[in-house]
Amino acid sequence: MRVLITGASGGVGRALMARLPEAHGVAHSQLDVTDGQAVAQHIGAAAPQVVIHCAALTDVDRCAQQPSEALRVNAFGTQNVALACQRIGAALCYISTNEVFDGERGTPYGEYDPPQPANPYGYSKYVGEQIVRQLVPKHYIVRTSWVFAHNGRNFLQRIVSLAREGKPLSVVTDEVACPTYAEDLAEGILALIATERYGTYHLTNQGAVSRYAFARAILDAYGMPEYPITPIVKAQFNRPSRPPTYSALQNNFAALLGIALRDWRAALDAFVAREIQGV
Ligand SMILES: NC(=O)c1ccc[n+]([C@@H]2O[C@H](COP(=O)([O-])OP(=O)(O)OC[C@H]3O[C@@H](n4cnc5c(N)ncnc54)[C@H](OP(=O)(O)O)[C@@H]3O)[C@@H](O)[C@H]2O)c1
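We now turn to the structure provided with this report. None of these values were measured; they are calculated from a predicted model.

**A short note on the overall build of the protein**
Thinking step 1. In terms of regular secondary structure, the protein is built from 10 helices and 12 strands.
Thinking step 2. Here the C-alpha radius of gyration of the protein, 18 Å, is about what a compact globule of 279 residues would show, namely 19 Å.
Thinking step 3. A total of 279 residues make up the protein; the buried ones form 48% of that total.
Thinking step 4. Taking contacts inside the protein between residues at least 6 apart in sequence as the whole, the part at least 24 apart equals 80%.

**Focus: the site of the ligand**
Thinking step 1. Neighbouring residues of the ligand: 27 residues in total, closest Gly 7, Gly 10, His 28, Ala 55 and Ala 56.
Thinking step 2. Mapped onto the shell around the ligand, the elements with two or more residues apiece are helix H1 (11-19), helix H4 (67-88) and strand S4 (91-97).
Thinking step 3. It is H1 that provides the largest number of residues to the shell around the ligand, a total of three residues.

**Quick look at H4**
Thinking step 1. For H4, with 22 residues, the first-to-last C-alpha span of 31 Å sits near the 32 Å given by 1.5 Å per residue.
Thinking step 2. Within H4, the full set of buried residues consists of Ala 70, Val 73, Asn 74, Gly 77, Thr 78, Asn 80, Val 81, Ala 82, Ala 84 and Cys 85.
Thinking step 3. Just beyond H4, the residue with positive phi is Gly 89, at close to 75°.

**A word on the sheet that holds S4**
Thinking step 1. The six strands are arranged S2-S1-S3-S4-S5-S10 in an open sheet whose pairing can be described as parallel. One side of each edge strand has no neighbouring strand; the edge strands of this open sheet are strand S2 (24-26) and strand S10 (199-202). Here the strands of the sheet are splayed against their neighbours by 15° on average, with no regard to which way each runs.
Thinking step 2. In this sheet, S2 lies alongside strand S1 (residues 3-6) in parallel orientation, the contact comprising three bridges.

**Section: the packing of helix H2 (residues 36-46) against H4**
Thinking step 1. The geometry of H2 relative to H4 is characterised by a closest axis approach of 9 Å and an angle of 40° between their N-to-C directions. On the basis of their axis angle, the class for H2 and H4 is oblique. Judged by the sense of rotation from one axis to the other, the crossing of H2 with H4 is right-handed. On H4, the residues touching Gly 36, Val 39, Ala 40, Ile 43 and Gly 44 of H2 are Asn 80, Val 81, Leu 83, Ala 84, Cys 85, Arg 87 and Ile 88.

**Considering the nonpolar core**
Thinking step 1. One finds Ile 5, Val 12, Val 51, Leu 92, Cys 93 and Ile 189 to be the most contacted residues of the largest nonpolar core, which totals 86 residues.
Thinking step 2. Counting residues per element, this core draws most heavily on helix H7 (residues 182-193), which supplies seven residues.
Thinking step 3. Sequence-distant contacts of Val 51, that is, excluding residues within four places in its chain, are made with Leu 4, Thr 6, Ile 43, Val 81, Cys 85, Ala 90, Leu 92 and Cys 93.

**Looking at helix H5 (residues 120-135)**
Thinking step 1. Between its first and last C-alpha, H5 extends 22 Å over 16 residues, near the 22 Å set by a 1.5 Å rise per residue.
Thinking step 2. Within the sequence span of H5, burial applies to Pro 120, Tyr 121, Gly 122, Tyr 123, Ser 124, Lys 125, Tyr 126, Gly 128, Glu 129, Ile 131 and Val 132.
Thinking step 3. Of the surrounding secondary structure, the elements contacted by the buried residues of H5 are helix H3 (60-65), H4, S4 and strand S5 (139-144).

Procedures and definitions
- All residue numbers refer to position in the chain's written sequence, counted from 1.
- In view of the model being predicted, local features appear only for residues whose pLDDT reaches at least 70, and side-chain atom pairs are presented and counted only at 80 or more, with totals across whole chains, interfaces and linings using the full set of residues.
- By the criteria applied, helices consist of DSSP H or I runs no shorter than four residues and strands consist of E runs no shorter than two, each listed in order from the N terminus.
- The globule rule used for comparison is 2.2 Å times the number of residues to the exponent 0.38, while the radius of gyration itself is calculated over C-alpha atoms.
- Note on burial: count the other C-beta atoms lying within 10 Å of the residue's C-beta; 20 or more is buried, 12 or fewer is exposed, in between is partly exposed, and C-beta positions come from the backbone.
- Any pair of residues counts as being in contact when their C-beta atoms, constructed from backbone geometry, are within 7 Å of one another.
- We call a residue near a molecule or strand when its C-beta atom, built from the backbone, sits within 6 Å of it.
- Helix span, as expected, comes to 1.5 Å for every residue beyond the first.
- DSSP calls a pair of strands paired once it identifies at least 2 bridges connecting them.
- The axes are straight lines fitted to the C-alpha atoms, using for helices just the contacting stretch, and the angles between their N-to-C directions are given from 0 to 180°.
- These descriptions rest on fixed angle ranges, namely under 35 degrees for roughly parallel, over 145 for roughly antiparallel, 65 to 115 for roughly perpendicular, and the rest for oblique.
- Crossing chirality is assigned from the near helix's rotation relative to the far helix, an anticlockwise turn below a right angle marking it left-handed and a clockwise turn marking it right-handed.
- By convention in this section, buried Ala, Val, Leu, Ile, Met, Phe, Trp, Tyr and Cys residues joined through C-beta atoms within 7 Å make up a nonpolar core.

Listed below in C-alpha cells is the structure:
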C-alpha cells in the first residue's frame, strides 16, 4: 500500500515513519499544508493510496491566542489535503483530538457522541473533521489524546525536564483524559488503515487519569517518587487555552475490529524503558 504521511517529523508522524519506512513522509519544511497548489501537486505526484494527515498546529495555547491561524492550518490545510485525496481517489486518515469534546459531561465519550469544542484548537480540529467527512468518502477520523512521543515536546517531557531542573511543579487535578504512547497509536493507525473500514474511531491507551496523577506516575517511572508536585485546579492555572475537564475517549469501534491499545501505565513503562535503557 502506498502511504503518504503529512507532519512526518512530528511526534505521531515519526512513530508512523519508523513502522513504515517505505512511506512517503512529508515534513513541514517540505510542504506547507496551507498552500493548496503545493499540496495538490505533491500528493498528486506521489499518488498514494492512503494519506495519513498528521500535520497540525498542536500548540493549544497558540491556537487560543491566534484562532484564525488555528483554522488556517487545521481546517483550511486539511481541506487542501482532502481535496488532493479526492482528486486522486486516495483514502484519508485524519488525526483528531479529544478536545472536540467540551468535557463537561463527566463520562467517557463514544465515537458518535456529538462534539462540542470548548476552545479554538478543538474547534479548528472539529472543522477539519467535518471537511474530511464532506469531501472524502474513504476516510478514517482517528481521535486521540495526550500523546507522548520520543523526542517530542509533550506534557511528559515538560514534567521531566522541570523536575530535573529542580523547578517547582503545580499540576491540575481537574483535567482528565487518556494518555497515549505515540508508538502504540502508530501501530493502531496502521492496523486500522489496513481494514478499509472507513469511519470515526477513538484510539488511545486504555484508562483515564488526571494531569496531576499522570505527572506523579511520570516522575515515579523516572525514579523521582519523592519530587513534590502541588495539586491545583484549572481555575488556578492561568493559560490561554481552556482544556476539557473530562475527555476520556471510549475506544468502541476499533475494539470491534480487534484493535486495542494497552493500558496507559504499561505504555508509560515501555516509553521510559526505551528512553532510559534504550529497549
Ligand atoms: N500531541 C497530542 O497530544 C495530540 C492529541 C490529540 C490529537 N493530536 C493530533 O495528532 C496529530 C499529530 O500530532 P503530533 O502529536 O505529532 O504533533 P506535533 O509533534 O506538533 O506534529 C505536528 C507536525 O505538523 C507540522 N505542521 C505544523 N503546521 C504545518 C503546516 N502548516 N504544514 C505542514 N506541516 C505543519 C509540525 O511542523 P513544525 O513543528 O515544524 O511546525 C509538526 O511536525 C495532529 O493532527 C494533532 O492535532 C495530537
